Structure formats: structure tokens, C-alpha cells
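Letter by letter, the chains look like this.
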Amino acid sequence: MSDDLSAAFDVGIDDLPDTVDRAAVKRMQLVAHALDESVRVPGTDFRIGLDPLLGLLPGTGDVVSGVLSLYIVVESARLGVSYATLFEMLAYVGVDVAAGSVPVVGDLFDAVWKANMRNVSLALDELADRDAVGSQADAVEIEIE
């Protein structure tokens, strides 16, 4: 499962700077996988997670999945992801909860939207880019007159 989980994201843990807490990233990936892709739909390659299944519970299911989704946002903030990216992540969670609260159609939306996988990818992309920006910041500047 670990290889499948790592393959689901554009940026792997090995692509991140050494300063990034890899255990936190693995926890974020695990939560995203559980909420969005933990169960394969029989007879297909399509996967759903606990998010659309929790959405079947009237009233509370989408709120519970939204609270679980916030873990990824909070952990991303702790890792130092920018405010702009955190805002985008919160927007994805908000759309997920709002659309998911519509009976039946919302559960189908939850199965396709996969806000948690999107949010982990956003965080990993930014954390990996930080390494590229950081390496440029460490460069020596030579002023040419």
C-alpha cells in the first residue's frame, strides 16, 4: 500500500527538502488516501474513500468528513505552507462540504472531487518548490558594474 500511496502524488517524499517533517507528510497522505481513495469500486479501477461514505449519514456525515479534512490543512500550516495555498486548501474543503451536503448528488460529487488528495498535492508541490527557491536564496550574488 505504501508504494501505491506514494504513487498517487506528483511529488514524492524524496523530492522534499530535508527540513520537511516526513512523518507529518506521511500522515497527511494517509488521511487523504483514507478519505478519498481507500476502497476500490468492484469491477473498476475507480476508488472512493470514507468521505463519500460518511456523506451518506444525514446531517453529520459531511461535517465529520470536513473536520477530518481540516487535519491536512492544519498540518500543512504547521509545515509552513503559505497563506495563499492554505486559503486554496480551505476553499477545496468548503466546496467539498457544501456540495457533499446535497443528498445523493453530493455523495457522487464527493467520490469524484477528492479535495483531500488535491490538498496534499498542493502542500507537497509548495514544499518541494521551497527547496528550489531556497537553493537560489543560498546562491552567492556577484554584482557586475
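Structure's up top.
Bear in mind the structure is a predicted one, so any value in this text is a computation, not a measurement. (Residues numbered from 1 in each chain as written. Predicted model: local features only at pLDDT ≥ 70, side-chain atom pairs only at ≥ 80, totals over all residues. Heavy atoms only, no water.)

1. Here we look at unusual backbone geometry
Here is step 1 of the chain: Positive phi outside glycine occurs at Val 104, with the angle close to 60°.
Here is step 2 of the chain: Looking at the element boundaries, Val 104 is found in the loop between α5 (83-100) and α6 (105-113).
Here is step 3 of the chain: Taking relative accessible area as the criterion, Val 104 reaches 59% and is therefore assigned exposed. (Helix = DSSP H or I, 4+ residues; strand = E, 2+ residues; numbered from the N terminus. Buried < 20%, exposed > 50% of the residue type's maximum accessible area, 1.4 Å probe, protein only.)

2. Focus on the pattern of salt bridges
Here is step 1 of the chain: Applying the stated criterion across every chain, the model contains 3 salt bridges.
Here is step 2 of the chain: Asp 21 serves as the salt-bridge partner of Arg 78, at 2.9 Å between the closest nitrogen and oxygen. Taken together, the positions of Arg 78 in helix α4 (residues 61-79) and Asp 21 in the loop between α1 (2-7) and α2 (22-36) put the pair 57 residues apart, joining distant regions of the chain.
Here is step 3 of the chain: Linked by salt bridges that have partners in common, Asp 21, Arg 27, Glu 75 and Arg 78 make up one network. (Salt bridge = Lys/Arg side-chain N within 4 Å of Asp/Glu carboxyl O.)

3. Some remarks on the nonpolar core
Here is step 1 of the chain: Core analysis: the biggest nonpolar cluster contains 24 residues, and Leu 16, Val 25, Leu 79 and Met 89 have the highest contact counts within it.
Here is step 2 of the chain: Elements represented by at least two residues in this core include exactly α2, α4, α5 and α7 (115-137).
Here is step 3 of the chain: Tallying contributions element by element places α7 first for this core, with 8 residues. (Core = buried A, V, L, I, M, F, W, Y, C linked by side-chain atoms within 4.5 Å.)

4. Re the packing of aromatic side chains
Here is step 1 of the chain: Scanning all chains against the criterion turns up 2 aromatic pairs.
Here is step 2 of the chain: Ring geometry for Tyr 92 against Trp 113: centres 5.6 Å apart, planes inclined by 75°, an arrangement best described as edge-to-face. Highlighted residues: Tyr 92 in helix α5 and Trp 113 in helix α6, separated in sequence by 21 residues.
Here is step 3 of the chain: On the basis of relative accessible area, Tyr 92 is assigned to the buried category, the value being 19%.
Here is step 4 of the chain: On the basis of an interplanar angle of 20° and a centroid distance of 5.3 Å, the ring pair of Phe 109 and Trp 113 is categorised as stacked. With a gap of 4 residues between them, Phe 109 and Trp 113 both fall in helix α6, about one helical turn apart.
Here is step 5 of the chain: Among the aromatic residues, those joined into a cluster by ring pairs are Tyr 92, Phe 109 and Trp 113.
Here is step 6 of the chain: A cation sits over an aromatic face here: Lys 114 above Phe 46, 4.8 Å from the ring centre.
Here is step 7 of the chain: Sitting over the ring of Tyr 92, Arg 118 keeps its end group 5.6 Å from the ring centre. (Phe/Tyr/Trp six-rings, centres within 6.5 Å; stacked < 30°, edge-to-face > 60°. Lys NZ or Arg CZ within 6 Å of the ring centre and 35° of its normal.)

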